[in-house]
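What the coordinates show
For reference, the chains in residue letters:
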Amino acid sequence: MKHGIIGTAGHVDHGKTVLIKALTGTDTDRLAEEKCRGITIDLGFAHLDWPDGTQAGIVDVPGHEKFIKNMLAGAGGIDLALLVVAADEGVMPQTVEHLDILSLLGIRDGIVVLTKADLADADWLEMIRKQVQELVRGTFLEGAPILPVSAVTGSGIPELNEQLHSLVLHTKEKSTLAPFRLPIDRVFSVDGFGTVVTGTLTEGVIRVGDPVELTPSGLTSRVRNIQVHGQNTETAYAGQRAALNLPSLKKEELHRGDAAVKPGSVRPSRMLDVRLRCLPDAHRTILSGSQVHLYHGASVQLAKAVLLDRDELPPGAQCFAQLRLTEPLAARQGDRFVIRFYSPLETIGGGVVLDPCPPRRKRYDPAVLESLLVREQGSDRQRLLQAVAGFGVRLPNAGELAGVSGLDVAAVPPIIVELVSCGQLAEPLPGRYVTAAALDDLWPRCREILDTYHRRFPLHAGIPAAELRQKLFRKAEPAEADALLGVFLAEGRLTNTAGRYALAGFSVRLTKRQTAIREELLRRFLQGGMEPEPIEAVLAVIPSPELETARQVLESLLTCGDLVRLSLELCWHRDIWHQALEALQAQCTAHGAVTLAELRDALGTTRKYALLFLEACDRRRITIREGNLRRLNMDVQVR
């Protein structure tokens, strides 16, 4: 079923609300003050339904200059514009400003409606038509239908209805694969239900029961009920106006300008990298560092416009800029915005978000300008590669990359396949990616850490995995860090022995006397079986002048996996350890789990040594303890 959003625009008292009532039967003036004053102050909503199932929501926005911020709150997310010009008055100041705003927001289609046509004769109507044609020349409405109508007599209403139907049928489908996002333009409470928010679902699909995150506050809730066009529904789709019942939140915790999003899909930021455009008919030049009002979705914020490649932006010009905000804002690449001068309030420009969560940028930096040019004009492949590079050695998935790059979710997987196949991306974990360049940058630091460790501890098989992760990655998740090191293992740059990493080609080199001590220690521990002597008792057989050397050799045996530590005082020979592992695996395979007593009997040893063995298996995550039982951890290879 096709659905879209139609937004009205035009000067105050040019008949927008009456026109919508003639089209839909709905009076969108809902406030008592609006009824009294005869003008729309806040947003009003109605909907059109056609016999073929096509639907359109209509956003009635205020035309009075004092309520322009409400107009901007409603203009975000619309597909088609209904530019309203009263036939008896013609083009007025807010007509021009509203058209500028619609152009800045990237609206691509619409209709010009000459209302109150019953108050003008044919000659006057023709003059107004020509005036409108001149106004829209060079805009998205150039060549659009200009329809005279009368809400009083009904003249032209059927033709307008038919034109709207045709345009809605041909609107570009919004992505339903992207994580859902609903900018909030109204918040209210309903007795017995709790808090309700409304807005236009700009992306994705939302269903009853879905978890919701409110940005930028980070509050969370779950959707209890959804209404579209006043009817309860299980699902709302991108392009529909929807009301969401969020019962766990208080009305006072939410505000117009917040957004309801899929949890974790948007990162609020106080900075935006943008392509900034100053309107051709603006009365002001935008200076670098200018304070402006930023309008994004239903949000209004103060921001500083920092121009990145010049000192001033005259009317009609555009450039890369960074907007530095006073409060966090949740945006996505490709979002449109409008800026108005700080004081007096007047629309001076707008543009497109290129990077929704950038670092603080230096001005006149060629690398910054080049990266923004790729974000704006690069091929899909270039933009995706840049998006992966932005994560460094973090491993984003396809959904995260779609959000950062601004690409459609469905377009990302085939590009990833192409980039992986040509070696520009690696896939250390299933569905998680890193650039080859990031790995190339990581390797010298990894090599330096390992080389330093080998020089300091030449008898160790390598650096412990946890220590290497901490030094090389700091904040990375262990699974991600191990996956990245796994790339170096697969390439033959590293080896891993008993949980320790070493440079390929490194080996422990013992002197003749150290080798003799090694053989003696291994013999004693193998002879001890599952009930060996304590470590100090074994070392006591070594002549005291060589005791320190023996301790170094013992540490080498432990790091190489020739000995396995059960406790501070006890070690097993690796052959004994593997015998015990085979017995453990046999018991768990036969019975699903094993008790301490069962394993003790299977090993033919005492409770003490069976318990020490099981605790060592727990530490290595070979087993999972469930009360008195142990089960094998199927995610870990038994060795």
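For every chain, the first residue of the written sequence is number 1, and numbering continues from 1 along that sequence. Two thresholds apply to this predicted model, a pLDDT of at least 70 for residue-level local features and 80 or more for giving and counting side-chain atom pairs, whereas whole-chain, interface and lining totals are computed over all residues. To get the side-chain values, take all heavy atoms of the structure and skip hydrogens and water.

Turning our eyes to something else, we now look at unusual backbone geometry. Here the bond from Thr-215 into Pro-216 is cis, since omega is 10°, no more than 30 degrees from zero. You will see that Tyr-364, though not glycine, has its phi angle at about 60°, which is positive. Within the fold, Tyr-364 resides in the loop between strand E25 (347–355) and helix H7 (366–377). The backbone of Arg-621 shows a phi angle near 65°, a positive value even though the residue is not glycine. Structurally, the position occupied by Arg-621 is in the loop between helix H19 (607–619) and strand E34 (623–626). Secondary structure elements follow DSSP: runs of H or I of four or more residues count as helices, runs of E of two or more count as strands, with numbering from the N terminus.

This part is about a positive patch on the surface. Only residues whose relative accessible area exceeds 30% and that take part in no salt bridge are eligible for patches, with like-charged residues grouped when within 9 Å of each other and nonpolar side chains (Val, Leu, Ile, Met, Phe, Trp, Tyr) grouped when within 5 Å. Here the accessible surface of atoms and residues is derived via Shrake-Rupley with a 1.4 Å probe, and residues count as covered only by protein chains that are part of the display. Should a side-chain nitrogen of Lys or Arg be within 4 Å of a carboxyl oxygen of Asp or Glu, the pair is scored as a salt bridge. Charged-residue counts in this description rest on Lys and Arg as positive and Asp and Glu as negative, His and the chain ends being excluded. Working definition for charges: the position is that of NZ of Lys, CZ of Arg, CG of Asp or CD of Glu. On the surface, Arg-108, Lys-172, Arg-277 and Arg-336 cluster together into a positively charged patch. On the accessibility criterion, Arg-336 (36% relative accessible area) is partly exposed. Working definition: with a 1.4 Å probe on protein chains only, accessible area under 20% of the residue-type maximum means buried, over 50% means exposed, and in between means partly exposed.

In this structure, Ser-405 sits in helix H9 (residues 398–405). You can call Ser-405 buried: its relative accessible area is 2%. Polar contact criterion, stated in full: a pair of N or O atoms within 3.5 Å, where within protein one must be able to donate a hydrogen and the other to accept it, and residues adjacent in sequence count only if both atoms are side-chain atoms. At 3.2 Å, the side chain of Ser-405 forms a polar contact with the backbone nitrogen of Leu-407. Residue contacts are counted whenever heavy atoms from the two residues lie within 4.5 Å of one another. Setting aside anything within four residues of it in sequence, one finds Ser-405 in contact with Gln-333, Arg-383, Leu-384 and Ala-387.

Within a sheet, neighbouring strands are paired by backbone hydrogen bonds and run either parallel or antiparallel to one another. Strand order in this open sheet of 4 strands is E7-E17-E11-E12, and the pairing throughout is antiparallel. Every interior strand has two partners, whereas the edge strands, strand E7 (181–183) and strand E12 (219–222), have only one. Ignoring which end each strand starts from, the neighbouring axes of this sheet average 25° apart. Here strand E11 (residues 211–215) pairs with strand E17 (residues 259–261) via 3 bridges, running antiparallel. Residue pairing in the sheet places Leu-214 in a bridge with Ala-260 of E17. Strand pairing is defined by DSSP finding a minimum of two bridges between the two strands. Fitted lines through C-alpha atoms give the axes, limited to the stretch in contact for helices. The angle between two N-to-C directions lies from 0 to 180 degrees.

Our focus in this paragraph is helix H6 (residues 157–169). In this analysis, the expected span of each helix is defined as 1.5 Å times one less than the number of residues it contains. With 13 residues, H6 should cover 18 Å at 1.5 Å per step; its first-to-last C-alpha distance of 18 Å lies within 8% of that length. Every buried residue belonging to H6 is among Ile-157, Leu-160, Leu-164, His-165, Leu-167 and Val-168, and all of these are buried. Along the axis of H6, the buried residues cluster in a sector spanning 170°; they form a single face. With respect to the buried face of H6, the exposed residues turned more than 90 degrees away are Pro-158 and Glu-162. The directions considered for the arc run from the helix axis to the C-beta atoms.

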